[in-house]
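# Coordinate analysis (summary)
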Amino acid sequence: MKYQAVTLSLLSIMSTGSFAQEQESFEHIEVNYRQAYRGDVPVSEIPQAITTLDRSLVDDINISRFRDVLLFSPSIALQNDGGNLWDSYSMRGFPGNENVPTGYLVNGFSSGRGFGGHRDVSNIEYVEVLKGPGSALYGRSDPGGVINVVTRKPQYAPEGYLKTSLGSDDRYRIEGDYTGGISDSVSARINGAIQDDDSFRDHVSSKKKVVNPSLRWQLGKDTSILYAFEFMQQEQLFDRGIVVLDNNIRTVPRDRFLGEPSDEPTEIISQGHQLTFEHYLLNDWFLTGGINARSTKLDGYSSDAELSGSRQKLFEDGRTLTRQHRRRDYDSDDLSLRLELSGNAELFGMTHHLLMGTDAYRYDLYTLLDRVRPEPGTYELDIFNPQYGAAKPELHTQYINDENQKGFGLYLQDQLELNDQWHLLMGLRLDQYTQETLELVSGTESEQDESRVSPRVALSYLPTDNLTLYASYSEGFVPISGTDFEGQGFKPEESDSVELGMKYSANGFRLNAAVFDATKTNILTDDPVHPGYPATLGAATSRGFEIDGGMSLGSYTDLRVAYSYIDSETKNDITVYDWGVNVPAGSDLVNIPQNTFNAMVKHDLRHWQINADIGLTARYVDDRLGATVDQSYRLPSYQVFDLFYTHRLTDNTELQINVDNLFDEYYMSNAYSALWTTPGAPRQFSVSLTYEF
């Protein structure tokens, strides 16, 4: 564990060491990287809503958690995050599986599967939010879209920084980054962070260590290889949040912890390796590919509020919380490969932008849950006067699932220039996957072998160089983990999506807008014939529109805004037998606000002879459903304002002050039920000092 801290300390040494001595040799070289699944079509001409959240946004709002960056994109909402142990969010109204983290890509490779904790921002260059299913390229994606994290890559010109931050509730963080050339053909980069936080929540603290080294080798004029490693260790006390009775979000203070401090922090370790290559062929054709290997491990205990009404004493006396005791042991290994060829050709009098490739993966997931549901009176807590330290009951293994998925895909896409103004995109992806699951407690085995064809078609109209109008249709699917009453696996979730949109950019003004309508089927619900077991019975729809844009308000002020309206609902009646609840067709989906809005204004103070920037962000989230099985439980709307001020003290040194939740809004961030509700943080202060070299 010690080597992460040692590595970070080397950043300052490297800035004055041998790498820096070679600055004159490398400063004229700038390395650019091509993104997978993109081809040679400019983003402005791709018939799909794409939001890019760049590094300057991360730096201005001074955040450390990847999930918080996404909130600046329209139609993204926070979901149940597993006791604050992982990143979970919805896109365009589809919450996904509430019990696992939300998946995402890193440099085009699937990297969000497994229980890898909070992704850190220290190695993020920018984040692409790719809306709509897009499965004709990415495969196995939700109809809301997919996130692609683009990491910082090695450069030859030496540069770097060290940043130290401290903030409210004893929050401390050291972050660093350095890149430079080792020789004329080899460059390196290393970045990472060490973080130690208490929080506004009683007894809850977290620690995180991150290190991300990478190495690039230029084999020749047209060929390069890149290796990148990621390591993250996180310790976090499992925290289900607060209880809410009678829709009163102030039932208990927002800092009240209702678990057991003696459970000790859950430990999460995540490691990732990426080895990729790029090769430029004749006539602007491009070949890229690589291999990605990731592993995650999560292990820890928790004391959670009992959700069953018949066993929960809190519903009888209004103050005594009945709890379960649990232990989780989750392990995953994820190996994926990709090979892609792209370029353009003149055929039949038209320009064809072609993209073709293949990918494959193997994903192994081991999940063990030990649980005990004590009899009333044996493991309880007074929510108004908590006395911790109750004797923990003996745990029993509820299930042990050993799951293996294997998948193989082929994809082909052609964006034809019918003429100067009309473009037609046609794409097709073929996927074949197998899924084997063994439940070790009962000895039940299940296996399935599925093939899927995912088409995509879109028409674009470009009346000017600055404006693109498009209409798009696509289909997608997502494999589902778990088994039914007979121990058999499930058919994948299936989706289809229609999108109409526009993109405009000119003279410092940018505006993107889209109207969408998507349907997802085979959603897991309780089996109406065999209560207590899941079955693929559910379907949901989501429709709405979103806009995001930016502009300069004069020479010194920049503005960016995003708004979304979403109407998402179930398509059929769902009977949740475990709870004895019927959820009728047309019911809201959990944690999905109908209206969201965010804005950021940034002003340069140099015209007042102050070498500084000042800015304000604002975020509004509408009221939303807080529990699938209780349609009367709703989280109230809220609005949060954050203030930031950055002052350049010298050419190399920068001081930053951030005030989050400026007006101390009392709000709930997300929920799984009224007894598992996550409160938002109160007003928070932080001060950071950055030295660049």
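Quick caveat: nothing in here was measured; it's all calculated off a predicted structure.

Procedures and definitions
- Residues numbered from 1 in each chain as written.
- Predicted model: local features only at pLDDT ≥ 70, side-chain atom pairs only at ≥ 80, totals over all residues.
- Heavy atoms only, no water.
- Helix = DSSP H or I, 4+ residues; strand = E, 2+ residues; numbered from the N terminus.
- Contact = heavy atoms within 4.5 Å.
- Areas by Shrake-Rupley, 256 points an atom, 1.4 Å probe, with all protein chains shown as cover.
- Lys, Arg positive; Asp, Glu negative; His and termini not counted.
- Charge placed at Lys NZ, Arg CZ, Asp CG, Glu CD.
- Salt bridge = Lys/Arg side-chain N within 4 Å of Asp/Glu carboxyl O.
- Buried < 20%, exposed > 50% of the residue type's maximum accessible area, 1.4 Å probe, protein only.
- Phe/Tyr/Trp six-rings, centres within 6.5 Å; stacked < 30°, edge-to-face > 60°.
- Lys NZ or Arg CZ within 6 Å of the ring centre and 35° of its normal.
- Pairing = 2+ DSSP bridges.
- Patch = residues over 30% accessible without salt bridge, like charges linked within 9 Å, V, L, I, M, F, W, Y side chains within 5 Å.
- 1 Å grid on protein atoms, 1.4 Å probe; cavity = no way out; pocket = protein on both sides within 12 Å on 5 of 7 lines; lining within 4 Å.
- Points joined across faces, edges and corners; volume = space filled by probe spheres on them.
- Nonpolar A, V, L, I, M, F, W, Y, C, P; charged D, E, K, R; others polar.
- Polar contact = N/O pair within 3.5 Å; in protein donor to acceptor, adjacent residues only side chain to side chain.
- pLDDT = per-residue confidence, 0-100.

Right, let's talk about the overall build of the protein for a bit. If you tally the helices and strands in the protein, you get 6 helices and 36 strands. The principal-axis extents of the C-alpha atoms in the protein amount to approximately 70 × 60 × 45 Å. A separation threshold of at least 6 residues defines the contact pool for the protein, and within that pool the share at least 24 residues apart is 67%. In the structure as shown, the protein presents an accessible area of about 28600 Å², 54% of it carried by carbon and sulfur atoms. For the protein, the separation between the mean place of its 59 positive charges and that of its 100 negative charges on side chains is 3 Å.

What the rule picks out here adds up to 48 salt bridges. The partner of Arg254 in a salt bridge is Asp664, and the shortest N-O contact between them spans 2.8 Å. Placement of the pair is Arg254 in the loop between strand 12 (223-236) and strand 13 (266-280) and Asp664 in the loop between strand 33 (653-660) and strand 34 (668-673), with a sequence separation of 410 residues. Overall, the relative accessible area of 31% leaves Asp664 in the partly exposed class. Residues joined in a network through salt bridges with shared partners are Arg55, Asp59, Asp120, Arg173, Glu175 and Lys208.

When we look at a pair of aromatic rings, we describe it by the centre distance and by the angle of the planes. In this structure the tally under the stated criterion is 16 aromatic pairs. Note on Trp422 and Tyr461: the rings are 4.7 Å apart at their centroids and 35° apart in plane angle, and the pair reads as tilted. You can see Trp422 sitting in strand 19 (residues 422-439) and its partner Tyr461 sitting in strand 20 (residues 444-464), a full 39 residues away along the chain. Aromatic pair Phe545 and Tyr563: ring centres 5.8 Å apart, planes at 50°, arrangement tilted. Taken together, the residues span a long stretch of sequence, with Phe545 in strand 24 (residues 534-552) and Tyr563 in strand 25 (residues 557-570) at a distance of 18 residues. What makes Phe545 partly exposed here is its relative accessible area of 35%. The class for Tyr563 is partly exposed, based on a relative accessible area of 22%. A connected cluster of aromatic rings, assembled from ring pairs, spans Phe66, Tyr89 and Tyr104. Directly above the aromatic system of Tyr361 lies the positively charged group of Arg113, at a separation of 4.4 Å from the ring centroid.

Here the focus is unusual backbone geometry. Positive phi is not limited to glycine here, since Asp170 has a value of about 55°. Counting through the fold element by element, Asp170 comes out in the loop between strand 8 (159-167) and strand 9 (171-181). In this structure Asp170 comes out as partly exposed when scored by relative accessible area, which is 43%. We note that Asn507 has phi near 55°; this positive angle belongs to a residue other than glycine. Following the sequence through the fold, Asn507 ends up in the loop between strand 22 (493-506) and strand 23 (509-526). Residue class for Asn507 comes out exposed when judged on its relative accessible area of 83%.

What follows deals with the pairing of strand 13. One ladder, built from 14 bridges, connects strand 12 with strand 13; its direction is antiparallel. From the neighbouring strand, Leu226 faces strand 13, where its bridge partner is Thr276.

In this section: a nonpolar patch on the surface. Side chains of Tyr227, Leu275, Ile291, Leu335 and Leu337 sit close together on the surface and give an oily, nonpolar patch of about 390 Å² of accessible area. Structurally, Leu275 is set in strand 13. With relative accessibility at 41%, the residue Leu275 sits in the partly exposed group.

The next point concerns empty space enclosed by the protein. Under the counting rule described, the total for this entry stands at 13 cavities of 30 Å³ or more. Lining the largest cavity are 26 residues, with Tyr104, Gly116, Arg119, Ser270 and Arg294 sitting closest to its centre. Where the lining of the largest cavity is concerned, the elements lending two or more residues are strand 11 (206-218), strand 12, strand 13 and strand 14 (286-305). Sorting the residues of the lining of the second largest cavity by element identifies strand 12 and strand 13 as the ones contributing at least two each. For the lining of the second largest cavity, the leading source of residues is strand 13, giving 5 residues. Residues belonging to the lining of the second largest cavity are distributed by class as follows: 7 nonpolar, 6 polar and 4 charged.

Turning our eyes to something else, we now look at the sheet that holds strand 6 (residues 124-131). Spatially, 5 strands are ordered 1-6-7-4-5 in an open sheet, and the strand pairing comes out mixed. Both edges of this open sheet fall to strand 1 (50-54) and strand 5 (109-110), since each of them pairs with a single strand only. Relative to strand 5, strand 4 (residues 105-106) runs antiparallel, the two being bridged by 2 bridges. Considered in strand 5, the bridge of Leu105 is made with Ser110.

Turning our eyes to something else, we now look at the pairing of strand 14. Consecutive side chains along a regular strand alternate between the two faces of the sheet. In terms of strand pairing, strand 13 meets strand 14 through 14 bridges, oriented antiparallel. Bridging across to strand 14, Thr276 finds its partner in Gly290. Connecting the antiparallel pair strand 13 and strand 14 is a turn made up of 5 residues, with Asn283 showing a positive phi of about 60°. As defined by bridge partners, strand 14 adjoins strand 15 (residues 320-347) across 20 bridges and the pair is classed as antiparallel. Note that in strand 15 the partner of Gly290 across the bridge is Arg338.

Relative to the assigned elements, Ala618 resides in strand 29 (residues 612-621). For Ala618, a relative accessible area of 18% translates into the label buried.

Among the surface-exposed residues, Glu436, Glu445, Glu447 and Asp449 lie close enough to one another that they form a single negatively charged patch. Ranked by residues supplied to the negative patch, first place goes to strand 20 with 3 residues. Within the secondary structure layout, Asp449 lies in strand 20.

Our next topic: the environment of Asn591. Among the structural elements, Asn591 can be located in the loop between strand 27 (581-583) and strand 28 (595-604). Setting aside residues up to four positions removed in sequence, Asn591 forms contacts with Ala77, Leu78, Gln79, Asn80, Arg624, Leu625, Leu635, Asn670 and Ala671. At 2.7 Å, the side chain of Asn591 and the backbone oxygen of Ala671 are in polar contact.

The residue Asp60 is located in helix 4 (residues 55-61) in this model. According to the relative accessible area criterion, Asp60 is buried, its value standing at 9%. A distance of 3.1 Å separates polar atoms of two side chains, one belonging to Asp60 and the other to Lys602. Those residues in contact with Asp60 that sit more than four places away from it in its chain are Met600, Lys602, Phe644, Gln656 and Asn658.

Our focus in this paragraph is the confidence of the model for the protein. Per-residue confidence for the protein gives a mean pLDDT of 89; residues scoring 70 or more make up 91%. Taken as a whole, residues 1-28 scores under 50 in pLDDT and shows 47 contacts with residues more than four places along the chain or in a different chain.

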